[in-house]
Structures are given as structure tokens and as C-alpha cells.
Amino acid sequence: MTYSATKPNPNVTEYYPMPALDAPRQIRTAGVLYLVIIASGLTAELALRGPALAGGAETLVTHLSSIRLSLLADVVMLLADIALALVFFTLLRPVSEGLSRAAMVFRLGQAALIGTSLVALSAVPQLVEGGRTDLALTFAALHASGYDIGLILFGVNAMLMAKLVCLSRVAPMVLPAGLMLTGLIYIAGGITRLAAPDLNVLMQPAYLVCIVTEVGFCLWLLIAGRL
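Below is a short write-up of the structure.

Cut-offs applied
- Residue numbers restart at each chain and count upward from 1, following the sequence in its written direction.
- pLDDT decides what is reported in this predicted model: residues at 70 or higher carry local features, side-chain atom pairs at 80 or more are listed and counted, and totals for whole chains, interfaces and linings draw on all residues regardless.
- Where side-chain values are given, they derive from all heavy atoms of the structure, hydrogens and water being excluded.
- Helix and strand labels come from DSSP, where a helix needs a run of H or I of at least four residues and a strand needs a run of E of at least two; each type is numbered from the N terminus.
- Residue burial is assigned from relative accessible area. The probe radius is 1.4 Å, only protein chains are included, and a residue is buried under 20% of its type maximum, exposed over 50%, and partly exposed in between.
- Two joining distances apply to patches: 9 Å for like charges and 5 Å for nonpolar side chains (Val, Leu, Ile, Met, Phe, Trp, Tyr), and every residue must have over 30% relative accessible area and no salt bridge.
- Reported accessibility uses the Shrake-Rupley method at a 1.4 Å probe radius. Residues are deemed covered only where the shown protein chains occlude them.
- In what follows, salt bridge is the name for a side-chain nitrogen of Lys or Arg lying within 4 Å of a carboxyl oxygen of Asp or Glu.
- Ring pairs are drawn from Phe, Tyr and Trp, using the six-membered ring of Trp, whenever the two centres fall within 6.5 Å, and their geometry is named by plane angle: stacked under 30 degrees, edge-to-face over 60, tilted for the rest.
- Fitted lines through C-alpha atoms serve as axes, helices being fitted only where they are in contact, and the angles separating the N-to-C directions of these axes extend from 0 to 180 degrees.
- Between 65 and 115 degrees an angle is taken as roughly perpendicular, under 35 as roughly parallel, over 145 as roughly antiparallel, and anywhere else as oblique.
- Note on convention: the crossing is left-handed when the near helix lies turned anticlockwise from the far helix by less than a right angle, right-handed when the turn is clockwise.
- Contacts are residue-level and defined by heavy atoms, with any inter-residue pair within 4.5 Å sufficient.
- All residues other than Ala, Val, Leu, Ile, Met, Phe, Trp, Tyr, Cys, Pro, Asp, Glu, Lys and Arg, Gly among them, are scored as polar; the first ten of these are nonpolar and the last four charged.
- To estimate how far a helix should extend, the number of its residues minus one is multiplied by 1.5 Å.

Here we come to the overall build of the chain. Scanning the chain for helices and strands turns up 10 helices and zero strands. Mapped from its N terminus to its C terminus, the chain presents α and β elements in the order α-α-α-α-α-α-α-α-α-α. In terms of its C-alpha atoms, the chain occupies a principal-axis envelope of roughly 75 × 35 × 35 Å. Within the chain, buried positions represent 43% of all 227 residues.

Moving on to the environment of Ala-102. Following the sequence through the fold, Ala-102 ends up in helix H5 (residues 97-122). Taking relative accessible area as the criterion, Ala-102 reaches 25% and is therefore assigned partly exposed. In this structure, the C-alpha to C-alpha distance between Ala-102 and Gly-56, residues 46 residues apart in sequence, is 39 Å.

Quick look at a nonpolar patch on the surface now. On the surface, a cluster of nonpolar side chains totalling about 620 Å² of accessible area is made up of Leu-42, Leu-46, Leu-208, Ile-211, Val-215, Leu-219 and Ile-223. Secondary-structure elements contributing two or more residues to the nonpolar patch are helix H2 (24-54) and helix H10 (207-224). A total of five residues in the nonpolar patch trace back to one element, the largest contributor, which is H10. In this structure, Leu-219 sits in helix H10. Taking relative accessible area as the criterion, Leu-219 reaches 42% and is therefore assigned partly exposed.

Moving on: the packing of aromatic side chains. On inspection of all chains with the given rule, the structure shows five aromatic pairs. Taking 5.7 Å as the distance between ring centres and 75° as the angle between the ring planes, the aromatic pair formed by Tyr-34 and Phe-217 counts as edge-to-face. Separated by 183 residues along the polypeptide, Tyr-34 in helix H2 and Phe-217 in helix H10 bring together distant segments of the chain. Each member of the pair, Tyr-34 together with Phe-217, is buried. Between the aromatic rings of Phe-88 and Phe-217, the centroid separation amounts to 5.9 Å while the plane-to-plane angle is 10°, which identifies the pairing as stacked. Pair noted here: Phe-88 is in helix H4 (residues 64-92) and Phe-217 is in helix H10, with a separation of 129 residues, a long-range link. Note on accessibility: Phe-88 and Phe-217 belong to one class, buried. Among the aromatic residues, ring-to-ring pairing joins Tyr-34, Phe-88 and Phe-217 into one connected group.

Time to look at the packing of H2 against H10. Running from N to C, H2 and H10 cross one another at 150°; their axes reach a closest spacing of 7 Å. Between H2 and H10, the angle is such that the two are roughly antiparallel. Handedness of the crossing formed by H2 with H10: left-handed. On the side of H2, the interface is formed by Ile-27, Arg-28, Ala-30, Gly-31, Val-32, Tyr-34, Leu-35, Ile-38 and Leu-42, while H10 contributes Ile-211, Glu-214, Val-215, Phe-217, Cys-218, Leu-221, Leu-222, Ile-223 and Ala-224. Each residue belonging to the contact of H2 with H10 can be placed in one class, and the counts come to 15 nonpolar, one polar and two charged.

Now for unusual backbone geometry. The phi angle at Arg-169 is positive, at roughly 55°, despite the residue not being glycine. If you trace the backbone, Arg-169 turns up in the loop between helix H7 (133-168) and helix H8 (174-195).

Okay, H5 next. Between its first and last C-alpha, H5 extends 37 Å over 26 residues, near the 38 Å set by a 1.5 Å rise per residue. Those residues of H5 that sit buried are Ser-100, Ala-103, Met-104, Arg-107, Gln-110, Ala-111, Ile-114, Ser-117, Leu-118, Ala-120 and Leu-121.

Attention now moves to the side chain of Ser-66. With respect to the secondary-structure elements, Ser-66 resides in helix H4. The class for Ser-66 is buried, based on a relative accessible area of 14%. For Ser-66, the contacting residues outside a window of four places in its chain are Leu-48 and Ala-52.

Structure, rendered in C-alpha cells:
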């Protein structure tokens, strides 16, 4: 049986060149996007929103500008996250198209949930200015819950990324191991936020593992330029 030039042979598997050989610029672009995500995300949560909500109604009233700035920082993080999902799909598709597509879907799902939760947070300044501080705190808590639910999806993404990085056989094995552990921590954190809030408080130090792993992955992308 013969096949025309316009009709693909179903017995032949299409071959994609490995990204480590031909995409160092895209890999470093992924590193830059990852750096933007880490910097804007930590700034929004730790430097701006955290202090504003630390003392409840009292500190919230005096830190409305921090809440507004945290919204802008999270929007920057959100845009970079969407772009990174697309870049990673392009880079890792040669390793496994199915896994890379799944990783992209879960990362975009996380972005959708975080974006939705920002709508709740955006109502906080208006509610405080209208004298409805208790309701503002409820909306802030709703945002935090939406964020943590999004991190469940991101946890699945991290585990898929661990498998993809492992299959690429380019990065040191400590990276996929760290990403797998990061995924488990994010999933456990999101679940305990919903089902066992007291346990969620106890596991907060575990998020340091996630920060260290993601910073390490970011630096690998930027410095080594290999994936």
C-alpha cells in the first residue's frame, strides 16, 4: 500500500526534536516568566496582603492601599502564569504530548480559579470604605479559599511537570523529586484548607519546600537553559 504526500502514514509516529537541543531561548523565557510569578506572588501574599489582613479589621482599614497593590501584583502573576503554561506546553510536547497537555490544562485551571478569587478580593476596599468591614473580611477569606483550591490544581500540574522533567533526562533528578514533593504539599494544603483548617495552619512551614523548589527550577531554566 502506498501513501500520498498529503495523507499521513498511520504506522509512522511523528517525531519532534528534543527541546534541549533547539529551544534555549524559549527555556530562558520560561525562566523569566517563572521569576515574575515567584516575585509578584510572594510580594502580593507576604509583603502586601499578609500584613493588611494580619490584625483583622483593625489593620485592614489602615492598609487598603496594600490590598489594591496586591491585586495588581496578582494580575501580573496571573498573566505570567498563563504565558508560562503555553511555553511549557510547547517545550515539553516532544517529551510527552499527553502529559504536557494535561500539565497545561491544570495550570490554566489554577489560573482561572485564582482570577475568579481576585474578583472577591477586589470588593474588599469598597466594602471597607462603605463601613462593612466584617463582610470585607469574609470576602478576603473567600479569596484565600479560592486561591488554595487553585493550588490543588497547581499541585497536580507540579506532579505532571516532575514526570516530564524526569522523562527529559536533562535536569538533575533533585528537580523532579522536589517538584513531586511540591505537588503533594500544594494538594495537601488545599484539601486541609477545606476540610481541616487547624491542620492547615500546622503545615504552613512545609510551603518553604515549595518556594525553594520553584526558585531552584526557575534558576535552572535561567542559568542552564535546558529542559
